[in-house]
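# Architecture and fold: a report
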Amino acid sequence: MCTRVLWPDANGAVVVGRNMDYHRDLGTNLWKLPRGAQRDDGIEGKLSWTAKYGSVVTTAFDMISVDGLNEAGLSGHILWLAESSYGTYDGSRTALSQAIWLQYFFDNCATVAEAVEWVRANDVQVVQMSDPSTAEVPSIHLALDDATGDSAIIEYIDGKAQIHHGRDFTVMTNSPTYDQQLELLQSFQGFGGDRPLPGSTLASDRFTRAAYYLGRLTQPQDQVEAIAAMFSVIRNAAQPFREPDPGKPDASQTLWQTVADLTRKRFVFESTTRPNIVWVDLADLDFTEGSGELKIELGSELAVQGGIAGNVSDQFTDQGPLRFLSLALIEQFKARKAQAEAAGAR
C-alpha cells in the first residue's frame with residue numbers, strides 16, 4: 001500500500017509526493033486543524049497536549065490522519081508495512097494510538113529532527129487499533145519530511161522503533177522492512193547491481209522505479225513544474241485498478257495521490273477516480289486558536305458534476321470536530337453493536 005517520494009533539492013524547494021493504495025474506499029477528506037486543539041494519546045489519556053502548530057491533513061474514515069502538512073513545513077505519510085510488530089501495550093511507556101500517531105508530530109514538531117529526538121528520548125510505543133466497522137487491524141509505518149529536506153522512516157519491529165534518519169532516505173514503499181529495501185535496491189542497475197529496472201507493482205519494484213526516476217528529474221523552473229515533476233514520478237509507481245492480491249489487502253489499486261511543496265507550503269490532492277486536482281495554500285488559512293476544525297468533503301464535492309478544482313483554501317466548512325479513533329470510541333462502538341444485536345434477537 002502506497003509509495004512516498006521526497007525531492008529535497010527541487011531548485012531551492014522541498015517537494016514530496018505519495019500514492020495511497022488500498023482495497024476499498026477510505027472515505028478520505030481534507031481537514032484544516034488549528035493551533036490550540038486539545039488532544040490525547042487515544043489509549044488511556046496519560047499523554048495529552050495542546051496543538052502548537054496548525055495543519056492540513058487527509059484522513060481515512062475521518063478517524064486517522066494519514067497524510068498532510070503543518071504550518072512549520074513538516075509533512076508526514078502513513079503507509080502499510082505487514083512486518084510491523086508493536087509489542088504488547090506497556091502502560092509504563094509513552095504511547096500513541098495508530099490513529100493519533102502522525103497527528104502528534106503535526107501538532108508538536110517543526111522539524112524531522114525534533115520528532116526523531118522525541119521518539120528516541122521517550123521510547124515511544126505505538127498501539128494498534130482495530131477498525132470498529134470491519135475489525136481490520138492496520139499494520140503501518142511512517143515517513144516524516146520537512147522544509148530543510150530532512151527525512152525519517154519510522155518502523156516498529158519487535159515493539160521498538162527502528163528509525164532511518166537523514167536526507168538520503170527519499171523513497172519509501174511497503175514490504176520488506178526498510179533496511180531490506182535498501183539492500184534490494186543495490187542489486188539494480190544504477191544502484192550498484194546489474195539487474196534491469198523492474199516493472200511490476202511489487203513494493204520492492206516500486207521502490208526501485210521511484211528511486212530511479214527521482215534521480216533523473218531535471219531542475220524545475222517554478223512551483224507548478226516542480227509539482228508536475230513529482231506527480232510524474234509517483235504516477236509511475238501507482239497501481240492500476242484491479243482486484244487486491246489474495247491475502248494482501250494492501251496490494252491494491254491507487255485511490256489518490258498528494259504532492260506537497262514544503263518550502264512554499266502548498267498541499268495538492270488528486271483522486272484517481274475524478275478528473276479535478278485541488279490544492280490548498282496554507283498561507284491562505286486561519287490556524288489561530290479557536291478558528292475551528294474545518295473540513296472539505298472530498299468524496300461528495302469531487303463527485304458533483306463539475307465538482308471542485310484548483311485552489312480550495314476558501315472551501316473548508318465547519319462540520320464538527322475531527323474525532324480520532326481511540327480505545328474509548330472502540331469500546332463505545334462495541335457496546336452499541338452489542339445492544340443492537342440484543343434488540344434484534346428479541
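Quick note: structure is the one above.
Structural notes, computed from the coordinates.

Cut-off values and rules
Residues numbered from 1 in each chain as written. Predicted model: local features only at pLDDT ≥ 70, side-chain atom pairs only at ≥ 80, totals over all residues. Heavy atoms only, no water. Pairing = 2+ DSSP bridges. Helix = DSSP H or I, 4+ residues; strand = E, 2+ residues; numbered from the N terminus. Contact = heavy atoms within 4.5 Å. Axes fitted to C-alpha atoms, helices over the stretch in contact; angles between N-to-C directions. Salt bridge = Lys/Arg side-chain N within 4 Å of Asp/Glu carboxyl O. Buried < 20%, exposed > 50% of the residue type's maximum accessible area, 1.4 Å probe, protein only. Core = buried A, V, L, I, M, F, W, Y, C linked by side-chain atoms within 4.5 Å. Phe/Tyr/Trp six-rings, centres within 6.5 Å; stacked < 30°, edge-to-face > 60°. Lys NZ or Arg CZ within 6 Å of the ring centre and 35° of its normal.

Let's shift gears to the sheet that holds strand 14 (residues 171-172). Reading across from one edge, 14-1-2-15-16-17-19 is the order of the seven strands in this open sheet, with mixed pairing throughout. The strands lining the two open edges of the sheet, one partner per strand, are strand 14 and strand 19 (310-311). Both strand 16 (residues 266-271) and strand 17 (residues 277-281) contribute to a ladder of five bridges, which runs antiparallel. Looking at the pairing, Phe267 lines up with Val280 of strand 17. Sitting on the sheet, helix 4 (residues 203-214) touches strand 1 (3-10), strand 2 (13-21) and strand 14, and the angle it makes with strand 1 is about 15°.

The subject of this paragraph is the pattern of salt bridges. Close approach of charged atoms allows side chains of opposite charge to pair. Counted under the stated rule, the structure contains 13 salt bridges. Of the charged contacts, one joins Arg24 and Glu136 as a salt bridge, the two residues approaching to 3.1 Å between their closest N and O atoms. Taken together, the positions of Arg24 in the loop between strand 2 and strand 3 (30-33) and Glu136 in the loop between strand 10 (125-127) and strand 11 (140-145) put the pair 112 residues apart, joining distant regions of the chain. Judged by relative accessible area, Glu136 falls into the partly exposed class, the value being 23%. Salt-bridge contacts for Lys295 lead to Asp62; the nearest nitrogen and oxygen are separated by 2.7 Å. Highlighted residues: Lys295 in strand 18 (residues 294-296) and Asp62 in the loop between strand 6 (55-60) and strand 7 (64-70), separated in sequence by 233 residues. Judged on exposure class, the residue Lys295 and its partner Asp62 are both buried. One continuous salt-bridge network, built from bridges that share partners, spans Arg39, Asp107 and Glu293.

Quick look at the environment of Leu79 now. Looking at the element boundaries, Leu79 is found in strand 8 (residues 75-80). A residue is classified by how much of its surface remains accessible, and Leu79, at 0% relative accessible area, is buried.

Let's shift gears to the nonpolar core. By size, the foremost hydrophobic cluster in this structure holds 94 residues, and its most contacted members are Trp101 and Phe105. The residues contacting Trp101, other than those within four sequence positions of it, are Ile78, Leu96, Val126, Ile140, His141, Leu142, Ile154 and Tyr156.

With that settled, consider the packing of aromatic side chains. Tallying each qualifying case throughout the model produces eleven aromatic pairs. The interplanar angle of 65° and the centroid separation of 5.8 Å between the aromatic rings of Tyr178 and Phe207 together place this pair among those described as edge-to-face. Highlighted residues: Tyr178 in helix 3 (residues 178-185) and Phe207 in helix 4, separated in sequence by 29 residues. Residue Tyr178 shares its accessibility class with Phe207, and that shared class is buried. Ring geometry for Trp256 and Phe269: centres 5.4 Å apart, planes at 40°, overall tilted. Here Trp256, found in strand 15 (residues 254-261), pairs with Phe269, found in strand 16; they are 13 residues apart in sequence, far enough to count as distant. By the burial criterion, Trp256 is buried, and Phe269 matches it. Seen from the ring of Tyr212, Arg216 lies directly overhead, with NZ or CZ sitting 3.7 Å from the centre.

What follows deals with unusual backbone geometry. With an omega of 5°, the peptide bond between Ser175 and Pro176 qualifies as cis. In this structure, Pro176 sits in the loop between strand 14 and helix 3. Within the chain, Asp62 stands out as a residue other than glycine whose phi angle is a positive 55°. For Lys265, which is not glycine, the phi dihedral falls at a positive 60°. Along the chain, the position of Lys265 falls in the loop between strand 15 and strand 16.

Looking along a regular strand, one sees side chains alternate from face to face of the sheet. Strand direction decides the pairing type here: strand 12 (residues 151-157) and strand 13 (residues 160-165), joined by six bridges, are antiparallel. Residue pairing for strand 13: Tyr156 is matched across the bridge by Ala161. Linking two consecutive strands that pair antiparallel, namely strand 12 and strand 13, is a turn of two residues; a positive phi of about 55° is found at Asp158 within it.

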